[in-house]
Amino acid sequence: MTVWDDLVGQERVSEQLDAAARDADALVTAAAAGAAPPEASRMTHAWLFTGPPGAGRTQTARAFAAALQCVSPDRALGGSPGCGFCDGCHTALVGTHADVTTVAAVGTQILAGDMRDTVRKSFTSPATGRWQVILVEDAERLNEKSANAVLKAVEEPAPRTVWLLCAPSLEDVLPTIRSRCRHLNLRTPSVEAVADMLVRRDGIEPHAALAAASATQGHVDRARRLATDERARARRAAVLKLPLRIDDIGGCLRAAQELVDAATEDSKQLADEVDAKETEELKAALGAAQGGRMPRGTAGVMKELEDRQKRRRTRSQRDSLDQALTDLTAFYRDVLALQLGSRVALANTDAEDALERLARAGTPESTLRRIEAIAACRDALDRNVAPLLAVEAMTMALRAG
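The structure displayed is predicted, hence computed values, not measured ones.

### Quick notes on the overall build of the protein chain
Of regular secondary structure, the protein chain possesses 15 helices and five strands. Relative to a compact globule of 401 residues, whose C-alpha radius of gyration would be 21 Å, the protein chain shows 24 Å and is just as compact. For the protein chain, the spread of C-alpha atoms along the three principal axes comes to 75 × 60 × 40 Å. Here the protein chain, with 401 residues, has 45% of them falling under the buried criterion. Across the protein chain, the mean location of the 52 positive side-chain charges is 3 Å away from that of the 56 negative side-chain charges.

Shown next as structure tokens:
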């Protein structure tokens with residue numbers, strides 16, 4: 001199994017990256033032997049991966065990073081880098097390679113402080129690997145200062161440094177940055193391709209795999225979670241019942257509160273274990289005795305960690321809410337398809353009775369207004385409106401139709 005096998009529905013992109021990885025390997029091999037580099041190369045120092053949610057932007061970038069760090073002996077025999085089994089591939093894929101640095105937004109933005117050490121590292125030579133790889137998972141969340149820091153690093157990188165930036169679209173990245181990157185656009189995998197992946201790699205029953213892939217409309221990570229996590233299925237089922245619980249104002253307010261509470265609880269579960277581990281590791285690094293007081297002068301460092309964890313919890317809650325809103329949008333999209341007599345396959349076949357009930361009770365115009373209300377809620381959350389207020393306004397608009 002090669003590193004490209006995990007990229008569902010991205011055959012064209014995989015071929016381009018495989019060719020670039022071959023040329024990158026030839027460049028490093030020639031430099032090590034003191035030979036002249038190849039005249040033409042499909043390798044470059046900066047890449048920008050774009051595509052809709054669930055297309056696998058980060059997975060694609062990480063697979064490319066693994067191929068760049070591949071040390072398989074088969075390469076000398078004409079094999080392609082990215083075997084998936086060697087130490088270079090394995091550590092790059094699991095995130096422990098010393099020369100693959102991953103940057104992700106802790107809160108709603110990637111701050112300049114989050115990028116400072118990474119930018120500094122990008123100007124150094126690889127410590128143990130073949131390339132110094134910097135992977136930015138949320139390039140659209142770079143603020144002005146952190147984006148300028150990245151721009152300076154991308155303009156004049158070290159000879160063996162590669163930047164891999166991931167964002168939903170070209171417009172989400174500064175023009176000055178994207179003009180210096182090679183752009184690869186990923187597509188949403190087909191429902192059938194995602195279902196096949198769940199059956200082959202996760203051992204999911206074909207019927208359950210197809211249902212999860214259909215419900216998430218080709219979003220690979222969400223489909224896997226829905227197929228393997230009972231809690232995720234329960235949360236989605238609760239979200240799909242919301243349109244039937246907003247007959248009066250009280251029902252709207254209760255539904256909004258429950259939706260926000262569920263998102264908060266979900267983010268808390270995800271964060272508690274990570275926060276506790278981070279805190280203990282930092283205390284140990286600062287020399288705190290087991291169960292004892294912190295050394296003097298370390299309060300600022302601990303406060304900085306607490307602030308970062310708070311930002312991460314906020315983002316996690318917003319991401320959980322956004323997932324619920326995505327499920328709601330897909331629900332009303334199915335309602336609209338029924339109202340218009342469309343032959344488009346329904347995403348939520350497990351809620352067909354509710355879909356038909358709402359389709360009969362409303363009009364296509366009212367359904368479109370409800371979809372717009374969900375989009376307005378997402379925009380409000382992006383502008384840092386209090387989650388409960390934004391969701392309450394949405395449920396009231398859903399009731400009004």
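### Thoughts on helix H13 (residues 352–361)
Listing the buried residues of H13 in full gives Ala354, Leu355, Leu358 and Ala359. Along H13, the residues classed as buried sweep out an arc of 135° about the axis, all on the same side. Exposed side chains of H13 directed beyond 90 degrees from the buried face belong to Asp353, Arg360 and Ala361.

### Description of the side chain of arginine 222
Relative to the helices and strands, arginine 222 is located in helix H9 (residues 220–228). Owing to a relative accessible area of 14%, arginine 222 belongs among the buried residues under this scheme. For arginine 222, the side chain forms a polar contact with the side chain of aspartate 327, separated by 2.5 Å. Excluding residues that lie within four positions of it along the chain, arginine 222 makes contacts with Thr216, Gln323, Thr326 and Asp327.

Definitions and limits used
Residues numbered from 1 in each chain as written. Predicted model: local features only at pLDDT ≥ 70, side-chain atom pairs only at ≥ 80, totals over all residues. Heavy atoms only, no water. Helix = DSSP H or I, 4+ residues; strand = E, 2+ residues; numbered from the N terminus. Rg over C-alpha atoms; globule rule 2.2 N^0.38 Å. Buried < 20%, exposed > 50% of the residue type's maximum accessible area, 1.4 Å probe, protein only. Lys, Arg positive; Asp, Glu negative; His and termini not counted. Charge placed at Lys NZ, Arg CZ, Asp CG, Glu CD. Arc of directions from axis to C-beta. Polar contact = N/O pair within 3.5 Å; in protein donor to acceptor, adjacent residues only side chain to side chain. Contact = heavy atoms within 4.5 Å.

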